[in-house]
Structure formats: structure tokens, C-alpha cells
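Residues per chain, in single letters:
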Amino acid sequence: MSSPTTYHPDLLAPYLALPQGDKVQAEYVWIDGDGGLRSKTTTVTKKVTDIGQLRIWDFDGSSTNQAPGHDSDVYLRPAAIFKDPFRGGDNILVLAETYNSDGTPNKTNFRHHAAKVMELAKAEVPWFGIEQEYTLFDQDGSPFGWPKGGFPGPQGPYYCGAGAGKVFGRDLIEAHYRACLYSGVNISGINAEVMPSQWEFQVGPCEGISMGDHLWMARYLLIRIAEQWGVKVSFHPKPLQGDWNGAGCHTNYSTKAMREPGGMKVMEAAIEKLSKRHNEHIAVYGEDNDLRLTGRHETGHIGAFSSGVANRGASIRIPRHVAAQGYGYLEDRRPASNIDAYRVTAIIVETTILDK
């Protein structure tokens, strides 16, 4: 992989090997006003064993599209802690919620509402697993590994591919997988996708609010590692026009009742509820999703709700083995790759559990 990068691990290594005493570096990570990720570091005087040890911090929200210049302080409240695979040791990554100076959640803080929803539904024990698709690009804007000024062969050999010319960037993907395992992100798998330079990682099963926490931190780790490789990550649902697959965030979902014998009836009732709020779901299922949900390339059309067993062209798919055993989980295939997982998991729970 030969993309230009300013990262020099050989120069950095001797400094990372220096002892840091009892002090710990805490990297606060948050979602900015454009759905991207930002972070900055603070020093903590001792090893962190409880989130309550971490302070509420602040940043300039006018520089992240989260506040006006005349009232620019936005506050970071720690929400989840992960181990830091970049610095190692007792250093940590801190996923933080954003709040305005008056104490209200920032306009981009969808975790606040999602946490309330999950608390109301906790007796149903909602589990999620999200399949995050994404595409790698060179710094010149061309898909990573594609012939300059040209195209690779048509789709077919790339999905779960092996071998030169079929997969691009496997070393970066392996680095991300191991970093997630180390950090505590509940990553459950990876695979090369249908379009060359497109990959997928899966996170879950995660209960309730932790789904959003783990997916956002997995994304942060991915873009940080890709930064070291000099590679850009795109979460756009249709990064390339033409006969190429788009990118989604298929969301697998179940409640305790769905996972137990007889759960198929509970799933069917949930699908009926989902069918009645199709447009409300599409509204929070990602920007530019209309470019992806065309009814082609393993998608259902954005304008119509559908469901079926083992049907990858449906809005909601029941895996064949789930239908056969009569309980398990369902897969919502509508969410785009650029979703905010807090919004998606919250509305699924609202529709299927809280709406009576």
C-alpha cells in the first residue's frame, strides 16, 4: 500500500516506549455537527477504573458546526470507555456526549434520546447487530487499488474474495479488526464486499444503548487507522455511480421474546408495526439513501415496504434458519452506511416495543 502518509511509526516508536508514570492519556471522542468524528486528549492523574473519575470537558463548537461563534462552548460528558490501541497501557478512549452551555443536549447528540428509549424498553432486552459497509479511497479521490483512470473488472470475484486483484487493503482491515478486539469493541466479524475496495465489519450483539457506542467507536478506530495508511474511508451509501453496489448498515434486531420458542409471532407483529412507519424510519436511515435503495443491487425500493424470508431485496429479511426454527431475529436492510446508530436503534425500539 503506497498512498502518501505523514505517519512515521519508526520515528514515533521510541517515544511511545517511554514510561509515563502514573498519568494516563484520555482521548475524548465525539460526533460533530456533520456526522463525522472528532477527538482531543487530556491527561488524567491516575488509572481510570470508573467513568465517574473523568471530568466534563468542553470544546469550540463553532469549529465543528455545533454552536454559533458568540456562544461556542460545547461540553463533553463521558459516556463509555474503551482501551486505547494507539497508545496502549492504561491509556483510554472516551466516547462522549455533547451538551450545550445551558445543559440541553446538542443538536447532534442523538445518544441522549436513545438512552431514554432503551431505559424504557430494558425489560424486553433489545439486542442489535449492525453490519457496517464502507469504501476505501486513495487521497486523490479514486477507489483504493483501482487502476488509475480506469475500472477493475465487473462485480463478482470480490465478495469475500482472496488473492491479488480481488481484494484491496487487507492489512488495514486486519489492523482495524485487532484494534477493535483490543479496545473492547464487540466486533464479531469482517468480510470483503461486492464492490472492490468495499469492506464490511459487524458489531454485536449489543444490548440497548451499547450498540451505538460500539459502532461509533469502531468507526473512529477505522478512520484513525486508515489515517496512518494514508487512506480515506467513505461511509457514503452510493460512493460510485453505475453498476456498483451501494453501502449499507443492515441492522439485526431481536427482543427476549423473539429469541425464545414462539418468537416468530412476535417478529411478525413487529414487522407489521414497522410497515406502518416506513417513511418515519427512512427519514432517519441515512442521507442519500435514495441513491442506494433503488430495488437493484440487493436492495428494496425506498418507496415501498416489503418483508420476506431469505429475501435480500426486501426491507425486512427473516433469515431462513430463523424461519425454520421459529424464533431468533430479523434484519432491517434499509439503513444506509452513514447512519447514526443511536437514531436507528431508538426508532426500531420505539416502533416495535414502545408504540402500543
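Residues numbered from 1 in each chain as written. Predicted model: local features only at pLDDT ≥ 70, side-chain atom pairs only at ≥ 80, totals over all residues. Heavy atoms only, no water.

Within an unreviewed UniProt entry, the label attached to the chain reads Glutamine synthetase, and the organism entered is Artomyces pyxidatus.

(A) Representation of the pairing of strand S1 (residues 24–31) within the structure. In terms of residue burial, S1 counts as a mostly covered element, since 7 of its 8 residues are buried. As defined by bridge partners, S1 adjoins strand S2 (residues 37–44) across 8 bridges and the pair is classed as antiparallel. Residue pairing in the sheet places tryptophan 30 in a bridge with arginine 38 of S2. Where S1 folds back onto S2 in an antiparallel hairpin, the turn is made up of 5 residues, including glycine 35, whose phi is positive at roughly 80°. Here S1 runs beside strand S5 (residues 92–99); their pairing, made up of 4 bridges, is parallel. (Buried < 20%, exposed > 50% of the residue type's maximum accessible area, 1.4 Å probe, protein only. Helix = DSSP H or I, 4+ residues; strand = E, 2+ residues; numbered from the N terminus. Pairing = 2+ DSSP bridges.)

(B) Molecular detail of helix H2 (residues 111–120). Within the sequence span of H2, burial applies to Arg111, Ala114, Val117 and Met118. Each buried residue of H2 sits inside an arc of 120° when the element is viewed along its axis, so together they form one side. Of the exposed residues in H2, the ones pointing more than 90 degrees away from its buried face are Lys116 and Leu120. On the buried face of H2, the contacting elements are strand S4 (73–83), S5, strand S6 (127–137), helix H4 (210–229) and helix H8 (341–354). (Arc of directions from axis to C-beta. Contact = heavy atoms within 4.5 Å.)

(C) Summary view of the side chain of threonine 345. Here threonine 345 shows up in helix H8. The residues contacting threonine 345, other than those within four sequence positions of it, are Met118, Phe128 and Met211.

(D) Broad picture of the environment of cysteine 160. By the secondary structure assignment, cysteine 160 is in the loop between S6 and helix H3 (170–183). Excluding residues that lie within four positions of it along the chain, cysteine 160 makes contacts with Asn191 and Ala192.

(E) Expanded view of the packing of H2 against H8. Where H2 meets H8, the closest approach of the two axes is 9 Å, and the angle between their N-to-C directions is 30°. The orientation of H2 with respect to H8, classified from their angle, is roughly parallel. The way H2 lies across H8 gives a crossing that is left-handed. Where H2 abuts H8, its residues Arg111, His113, Ala114, Val117, Met118 and Leu120 lie against Tyr342, Thr345, Ala346, Val349, Glu350 and Leu354. For the contact of H2 with H8, the residue count by class is 8 nonpolar, 2 polar and 2 charged. (Axes fitted to C-alpha atoms, helices over the stretch in contact; angles between N-to-C directions. Parallel < 35°, antiparallel > 145°, perpendicular 65-115°, else oblique. Left-handed = near helix turned anticlockwise from the far one by under 90°. Nonpolar A, V, L, I, M, F, W, Y, C, P; charged D, E, K, R; others polar.)

(F) Looking closely at the packing of H4 against H8. Running from amino to carboxyl end, H4 crosses H8 at an angle of 155°, the nearest separation of the two axes being 8 Å. When the interaxial angle is binned, H4 and H8 end up roughly antiparallel. Crossing handedness for the pair H4 and H8: right-handed. In contact with Met211, Gly212, Asp213, Leu215 and Trp216 of H4, H8 contributes Ala341, Tyr342 and Thr345.

(G) Highlighting a nonpolar patch on the surface. A cluster of nonpolar side chains, namely Leu12, Tyr15, Leu16 and Leu18, defines an oily patch on the protein surface of about 400 Å² accessible area. The class of tyrosine 15 is exposed, set by a relative accessible area of 59%. (Patch = residues over 30% accessible without salt bridge, like charges linked within 9 Å, V, L, I, M, F, W, Y side chains within 5 Å. Areas by Shrake-Rupley, 256 points an atom, 1.4 Å probe, with all protein chains shown as cover. Salt bridge = Lys/Arg side-chain N within 4 Å of Asp/Glu carboxyl O.)

(H) Representation of the pattern of salt bridges. Within the structure shown, the criterion is met by 17 salt bridges. Between glutamate 27 and arginine 87 there is a salt bridge; the shortest N-O distance is 2.9 Å. Of this pair, glutamate 27 sits in strand S1 while arginine 87 sits in the loop between S4 and S5, and the two are 60 residues apart along the sequence. Residue glutamate 27 is classed as buried on the basis of its relative accessible area of 5%. Take arginine 87: its relative accessible area is 26%, and that puts it in the partly exposed class.

(I) Layout of unusual backbone geometry. A cis amide bond, omega 0°, links glycine 204 with the succeeding residue proline 205. Positive phi outside glycine occurs at valine 125, with the angle close to 50°. By the secondary structure assignment, valine 125 is in the loop between H2 and S6. Phi at histidine 297 takes a positive value of approximately 55°, unusual for a residue other than glycine. With respect to the helices and strands, the residue histidine 297 is situated in the loop between helix H6 (278–283) and strand S11 (307–309).

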